[in-house]
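Here is what each chain is made of, one letter per residue.
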Amino acid sequence: MLLMTISKILLNNREKTLKSSKTLKILTIFLMFFASESIFAVNLDLEYRKIQKLFYEWHPEEAKEILEKIETQAEGDISFLYLKARYLYLIGDYKSSGEILRYIEMNFPKNQYSQLEDRIEVMKNAEEKTKTFKVFQSDDKKFSVFTPEGKNEILGPIALDTLQKAFNRHTQDLDYKYNKPVRVEILPDIETLDAISGLTLKEIQTSGTIALCDDNKLMIVSPSSLVKGYGWLDTISHELVHFVISKKTRNRTPIWIHEGIAKFQESRWSDGKKYKIEKFSEHILATAHEKKHYISFEAMSPSLAKLPSQEDASLAYAQVATLMEWVYEKNGYSGIVKILENLEKYNSDKKAIKESLKLTLPQLLKEWKNHITQKKYKTYPGLMYKPILFKTVENEQEYKLSEVSLFKNRDMQKYIRLGNMMFDLKRFKASEIEYTKALKFRKNEYPYLENRIASLYLKNKEYKKIVALLKPTLNLFDDYIDTYMNLGEAYFNLNELALAEKMFLKSIEFNPFLPEIYTRLADIYEKTGKKEALEIQKERLKYLK
């Protein structure tokens, strides 16, 4: 199911959608502000502009030579100090960047940097929030993954493996060679994301934002901060697409193209899997298509994280992903690559689309709408949208209740709650009776109820019943962690080890913090004689103790 429900995730670089003229205006204001205080000599203006432009274009490493060239002349300039701090921050040297920022605050009047306070605060927060993080680095030094200490460290090695696979796919598909380091930060919660990004906590919660590609790095929220986890590996891959696009086009790609390609590409890390629309996305897109009510490109800007609801964000993703699907089906990856190359060349989506596809934007939208009609996407009456549920309390029982409350039918809620109460009292027969009553009201809600019944079947060792009950639910809901865990346990006990392995490996993609996953995988690899894989599971278990 779609994560914004994910990003599956989201990009919050407000500057990404600015046209070059607007960008130059902002840079001019920045320089005029400092110039008004007589802070730097006029002959440094051009160099400062070059540096800012390189930062905007996502190529901060190219600014190093300019900074070194003017350092002696610019010594003591607040503008130079800020730009140097910004450069160090963008290449990941938070400590050195923070030292310069603190020097600025201590030695210059506040009115000389007040317009930059918000950005300075974000940079300082990044240093403070991540200073105790553990770092996991790939053998080729390409990727550095930073995680909070403790159980979140388990994410590091898993993320590195996914990043390498995703990077190889994305750079090949999008025809871009990149040999600089990539920084990835896995954050413990949305409060940290709020502190080190330009998003507010309200925007994060409203849109369901769990990841960003901004400030020359990837940031994702740990799946441990969500009630049911989320597709965090697809999300890492999604954000890496944004990273590649930003670098390739020098940050000249509008948000609708950014998100369309990222969504289209996000699952490619997994054995080259191609885009397939998720059922809820299909449902809301078919509904919107029938009503002729869409999210406009303008409404998507500057970020899908700014849309008023998770449902709107999901619809926006479905629109732009299927639009890129149309481009791919007509022109292959060469069509997508041409769009990116022309964006870098012309800095205009209208011009890039015209040059690449020989279509105007209105013509492209018309072709896309015909594409949606031809796909014959379906609606699924009663299909429940499974929102992102962020953990806000430590009480596990409240997490359970938060899911039950999502069901629309009050009688269904009542019977599920009674069933849960009976289950907790170990009155399992009575529990099954209440769950069965609740099933009568079920439409296309997500499979919380089926998994509660499956937990009863597990206790009775009725493994074939579990498979029969849960396997059909994957058609509509392929991102529900409980389904994979229960199916994995059923297959394991039925001695269908290959299927059990598949289910438990899939569980890692949503909630890698369950010790049962690695215990069972270890059992499977011990039985099948896969010694290396067995040792990996034992190592992962150490993080969770």
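Our subject is the structure listed above.
All of the points below concern the structure found in this document. Predicted model only: the values in this text are computed from it and were never measured.

**So, the overall build of the protein**
So, step 1. Looking only at helices and strands, the protein has 25 helices and five strands in total.
So, step 2. Compactness check: the protein gives a C-alpha radius of gyration of 25 Å against a globular reference of 24 Å for 545 residues, within 12% of the reference.
So, step 3. Dimensions of the protein along its principal axes, counting C-alpha atoms only, are 80 × 55 × 45 Å.
So, step 4. For the protein, the proportion of its 545 residues judged to be buried stands at 58%.
So, step 5. Roughly 24100 Å² of accessible area belongs to the protein as shown, and the carbon and sulfur atoms make up 50% of that amount.
So, step 6. For the protein, the separation between the mean place of its 87 positive charges and that of its 76 negative charges on side chains is 6 Å.

**With respect to the packing of helix H18 (residues 410-424) against helix H20 (residues 448-459)**
So, step 1. Contact geometry of H18 with H20 gives a least axis separation of 11 Å together with a crossing angle of 25 degrees. In terms of orientation, H18 and H20 fall into the roughly parallel class. In the packing of H18 onto H20, the handedness of the crossing is left-handed. Here Met412, Ile416, Asn420 and Phe423 of H18 come into contact with H20, specifically with Tyr448, Leu449, Arg452, Ser455, Leu456 and Lys459.
So, step 2. Tallied by class, the residues present in the contact of H18 with H20 amount to six nonpolar, two polar and two charged.

**Here we look at helix H23 (residues 497-508)**
So, step 1. In a regular helix each residue adds 1.5 Å, so 12 residues correspond to 16 Å; H23 covers 17 Å between its end C-alpha atoms and thus fits that length.
So, step 2. Those residues of H23 that sit buried are Leu497, Ala500, Glu501, Met503, Phe504, Ser507 and Ile508. Angularly, the buried residues of H23 cover 165 degrees about the axis, an arc narrow enough to put them on a single face. Counted as exposed and oriented over 90 degrees from the buried face of H23: Ala498 and Lys502.
So, step 3. On the buried face of H23, the contacting elements are helix H7 (155-173), helix H10 (232-248), helix H22 (481-493), helix H24 (515-528) and helix H25 (531-543).

**Some details on the packing of aromatic side chains**
So, step 1. Enumeration over the complete set of coordinates arrives at 17 aromatic pairs.
So, step 2. Seen from their ring centres, Phe143 and Phe167 are 5.6 Å apart, and the 80 degrees between their planes marks the pair as edge-to-face. Here Phe167 lies in helix H7 and Phe143 lies in strand E2 (residues 143-147), a separation of 24 residues in the sequence.
So, step 3. Residue classification places Phe167 among the buried positions, given a relative accessible area of 7%.
So, step 4. For the pair Trp256 and Phe297, a centre-to-centre distance of 4.1 Å together with 5 degrees between the ring planes defines the contact as stacked. Placement of the pair is Trp256 in helix H11 (residues 255-265) and Phe297 in helix H13 (residues 297-300), with a sequence separation of 41 residues. Across the pair, exposure class does not vary: Trp256 and Phe297 are buried alike.
So, step 5. An aromatic cluster is built from Trp58, Tyr176, Tyr178 and Phe243, whose rings are joined through pairwise contacts.
So, step 6. The residue whose ring lies beneath Lys151 is Phe513, and the NZ or CZ to ring-centre distance is 5.2 Å.

**Examining the nonpolar core**
So, step 1. Counting 172 residues, the largest nonpolar core has Trp232, Leu240, Trp256, Ile261, Met300 and Leu364 as its most contacted members.
So, step 2. Residue contributions to this core peak at 16 residues, all from helix H14 (residues 310-346).
So, step 3. Leaving out residues up to four positions away in the same chain, Met300 has contacts with Ile255, Trp256, Ile295, Ala316, Gln319 and Val320.

**As for the sheet that holds strand E5 (residues 217-221)**
Strands in a sheet are paired, the pairing made by backbone hydrogen bonds, and the direction either parallel or antiparallel.
So, step 1. An order of E1-E2-E3-E5-E4 is seen for the five strands of this open sheet, with the pairing classed as mixed. In this open sheet, the two edge strands, each paired with only one partner strand, are strand E1 (134-137) and strand E4 (211-214). Strand-to-strand, the axes of this sheet are offset by a mean angle of 20 degrees, without reference to chain direction.
So, step 2. Bridge count between E1 and E2: four bridges; the pairing is antiparallel. Bridge pairing in E2 places Val135 opposite Phe146.
So, step 3. Along the sheet, H7 contacts E1, E2, strand E3 (182-187) and E5; its crossing angle with E2, the most-contacted strand, is approximately 145 degrees.
So, step 4. In this fold H10 packs onto E2, E3, E4 and E5, with an angle of close to 155 degrees to the strand it touches most, E5.

**Thoughts on the pattern of salt bridges**
So, step 1. The final tally for this structure, using the stated rule, is 35 salt bridges.
So, step 2. With a shortest N-O distance of 3.2 Å, Glu128 and Lys131 are connected by a salt bridge.
So, step 3. Look at Glu128 and you get partly exposed, because its relative accessible area is 47%.
So, step 4. On the basis of relative accessible area, Lys131 is assigned to the exposed category, the value being 57%.
So, step 5. Here Glu185 ties to Arg183 by a salt bridge, and the two come within 2.7 Å at their closest N and O atoms.
So, step 6. In this structure Glu185 comes out as buried when scored by relative accessible area, which is 0%.

**Focus on the side chain of Ser303**
So, step 1. Within the element layout of this structure, Ser303 appears in the loop between H13 and H14.
So, step 2. Within polar-contact distance, the side chain of Ser303 engages the backbone nitrogen of Ala305 at 3.0 Å.

**Let's talk about helix H12 (residues 279-291)**
So, step 1. Here H12 contains 13 residues, and its C-alpha end-to-end distance of 18 Å stays within 8% of the 18 Å for a straight helix at 1.5 Å per residue.
So, step 2. Counting buried positions over the 13 residues of H12 gives 10, a clear majority of the element.
So, step 3. Of the surrounding secondary structure, the elements contacted by the buried residues of H12 are H14 and helix H16 (361-375).
So, step 4. Trailing H12 by a residue or two, Lys292 shows a phi angle of about 55 degrees, which is positive.

**Let's talk about the pairing of E3**
So, step 1. Extensive coverage of E3 is indicated by the burial of six of its six residues.
So, step 2. Where burial is concerned, the two faces of E3 agree: the one with Val182, Val184 and Ile186 and the one with Arg183, Glu185 and Leu187 are both buried.
So, step 3. By the bridge criterion, four bridges tie E2 to E3 in an arrangement that is parallel. Bridging across to E3, Ser144 finds its partner in Arg183.
So, step 4. For the crossover from E2 across H7 to E3, the handedness is left-handed.
So, step 5. In terms of strand pairing, E3 meets E5 through four bridges, oriented parallel. Within E5, the position partnered with Ile186 by the bridge is Ile220.

Quick notes on the rules
- Residues numbered from 1 in each chain as written.
- Predicted model: local features only at pLDDT ≥ 70, side-chain atom pairs only at ≥ 80, totals over all residues.
- Heavy atoms only, no water.
- Helix = DSSP H or I, 4+ residues; strand = E, 2+ residues; numbered from the N terminus.
- Rg over C-alpha atoms; globule rule 2.2 N^0.38 Å.
- Buried < 20%, exposed > 50% of the residue type's maximum accessible area, 1.4 Å probe, protein only.
- Areas by Shrake-Rupley, 256 points an atom, 1.4 Å probe, with all protein chains shown as cover.
- Lys, Arg positive; Asp, Glu negative; His and termini not counted.
- Charge placed at Lys NZ, Arg CZ, Asp CG, Glu CD.
- Axes fitted to C-alpha atoms, helices over the stretch in contact; angles between N-to-C directions.
- Parallel < 35°, antiparallel > 145°, perpendicular 65-115°, else oblique.
- Left-handed = near helix turned anticlockwise from the far one by under 90°.
- Contact = heavy atoms within 4.5 Å.
- Nonpolar A, V, L, I, M, F, W, Y, C, P; charged D, E, K, R; others polar.
- Expected span 1.5 Å × (residues − 1).
- Arc of directions from axis to C-beta.
- Phe/Tyr/Trp six-rings, centres within 6.5 Å; stacked < 30°, edge-to-face > 60°.
- Lys NZ or Arg CZ within 6 Å of the ring centre and 35° of its normal.
- Core = buried A, V, L, I, M, F, W, Y, C linked by side-chain atoms within 4.5 Å.
- Pairing = 2+ DSSP bridges.
- Salt bridge = Lys/Arg side-chain N within 4 Å of Asp/Glu carboxyl O.
- Polar contact = N/O pair within 3.5 Å; in protein donor to acceptor, adjacent residues only side chain to side chain.
- Right-handed = clockwise from strand over helix to strand, strands pointing away.

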